[in-house]
Amino acid sequence: MPSGQSTAARRYAEAVFQLASRDKALDAFGDGLDRAVALLGDERILGMLRNPARPLRERTDLVDRLLAKGVPQPIHRLVRLLVERGRIDRLGGVANEYRRLLNQERGVVEAIATAASPLTGDETEALQRKVAQMTGRTVDLRVEIDESLIGGLTVRVGDTLYDASVRGRLERLRSRLVAGAR
């Protein structure tokens, strides 16, 4: 996400977070943002919401129909505002920034595991426990798939990368071999 978009997403997320804190609805607003992203994430729907040739009323009516149930009113208003301002593409960034603020508030560390193939539920739980043990904090773990890893996985916690991938091991072995050949 370009810098301007991330700045805007952060500002929207901070405003929503302040409202949620005031209303004591941190989880409800976070769930509402996630639900809005899921409901509006289809490319066809996003295409309609982005299209300035469609009347604004038609676009906001679509948002109203899709978010009528299960999304707190402030989140619903935020999505309408993003559509009205031509910034609906920032909704995912707002949701991510909100989740980051929520985790920060609760002392939860975010971790992104990148695996060569999908992990089972047991593997994910074991990895989450291991990262929690390493960091001494509660962990919000997200797993992504990257088939180019060959095997194994990497885990990013903040600025720290733990590399247990086959590719990483091969690169470290190559470096040692090259260093030993000098």
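Use the structure listed above.
Okay, so let's go over this structure.

1. Let's talk about helix α4 (residues 56-66)
- Within α4, burial applies to R59, T60, L62 and V63. Each buried residue of α4 sits inside an arc of 150° when the element is viewed along its axis, so together they form one side. Exposed and oriented more than 90 degrees from the buried face of α4 are R57 and R65.
- Each element contacted by the buried residues of α4 is listed here: α3 (43-50) and α5 (73-84).

2. So, the packing of α3 against α4
- Axis separation between α3 and α4 bottoms out at 8 Å; the angle between their running directions is 140°. The angle between α3 and α4 falls in the class oblique. Considering the relative orientation of α3 and α4, their crossing is left-handed. On the side of α3, the interface is formed by I45, M48 and L49, while α4 contributes R59, L62, V63 and L66.
- Looking at the contact of α3 with α4 residue by residue, the classes come out as 6 nonpolar, no polar and 1 charged.

3. Describing the pairing of strand β2 (residues 138-145)
- In the sheet, strand β1 (residues 108-115) pairs with β2 via 8 bridges, with the strands oriented parallel. Looking at β2, one finds that A113 is bridged to V143.
- For the crossover that starts at β1, traverses helix α7 (residues 121-135) and ends in the parallel β2, the hand is right-handed.

4. So, the sheet that holds β2
- Taken together, the 4 strands give an open sheet; going across it, the order is β2-β1-β3-β4, and neighbouring strands pair in mixed fashion. Looking at strand neighbours, the two that pair on one side only are β2 and β4 (160-165), the edges of this open sheet. Neighbour-to-neighbour, the strand axes of this sheet turn through a mean angle of 20°, independent of strand direction.
- Inspection of the sheet shows β1 paired to strand β3 (residues 152-157) by 5 bridges, in the antiparallel sense. Counterpart to I112 in the pairing with β3 is R156.
- Packed on one face of the sheet, α7 meets β1, β2, β3 and β4 and runs near 130° to β2.

5. As for the side chain of T114
- Turning to its location among the elements, T114 is positioned in strand β1.
- If near-sequence neighbours (up to four positions away) are discounted, T114 is found in contact with E144, D146, L149, G152, L153 and T154.

What counts as what
Position numbers for residues start from 1 in each chain and track the written sequence from start to end. Local features in this predicted model are restricted to residues of pLDDT 70 or higher, and side-chain atom pairs are both shown and tallied only at a pLDDT of 80 or more, whereas totals for entire chains, interfaces and linings draw on every residue. With hydrogens and water set aside, each side-chain value is computed from the structure's full complement of heavy atoms. Buried means the residue's accessible area, taken with a 1.4 Å probe over protein chains only, is under 20% of the maximum for its type, while exposed means over 50%, and partly exposed covers the values in between. In this description a helix means any DSSP run of H or I spanning at least four residues, a strand means any run of E spanning at least two, and both kinds are numbered starting from the N terminus. It is the directions from the helix axis to the C-beta atoms that the arc portrays. Here a residue-residue contact requires only that any non-hydrogen atoms of the pair lie within 4.5 Å. Helix axes use the C-alpha atoms of the stretch in contact, all axes being lines fitted to C-alpha atoms, and the angles between their N-to-C directions lie in the range 0 to 180 degrees. Our angle categories are set so that under 35 degrees counts as roughly parallel, over 145 as roughly antiparallel, 65 to 115 as roughly perpendicular, and the remainder as oblique. Each crossing is labelled by how the near helix is turned from the far one, with a counterclockwise turn of less than a right angle marking it left-handed and a clockwise turn marking it right-handed. In this count, Pro and Cys sit with the nonpolar residues alongside Ala, Val, Leu, Ile, Met, Phe, Trp and Tyr, while Asp, Glu, Lys and Arg are called charged and the others, Gly among them, polar. Here, strands pair whenever DSSP counts at least two bridges between them. Classification remark: right-handed applies to a crossover when, strands pointing away from the viewer, the course from the first strand over the helix to the second runs clockwise.

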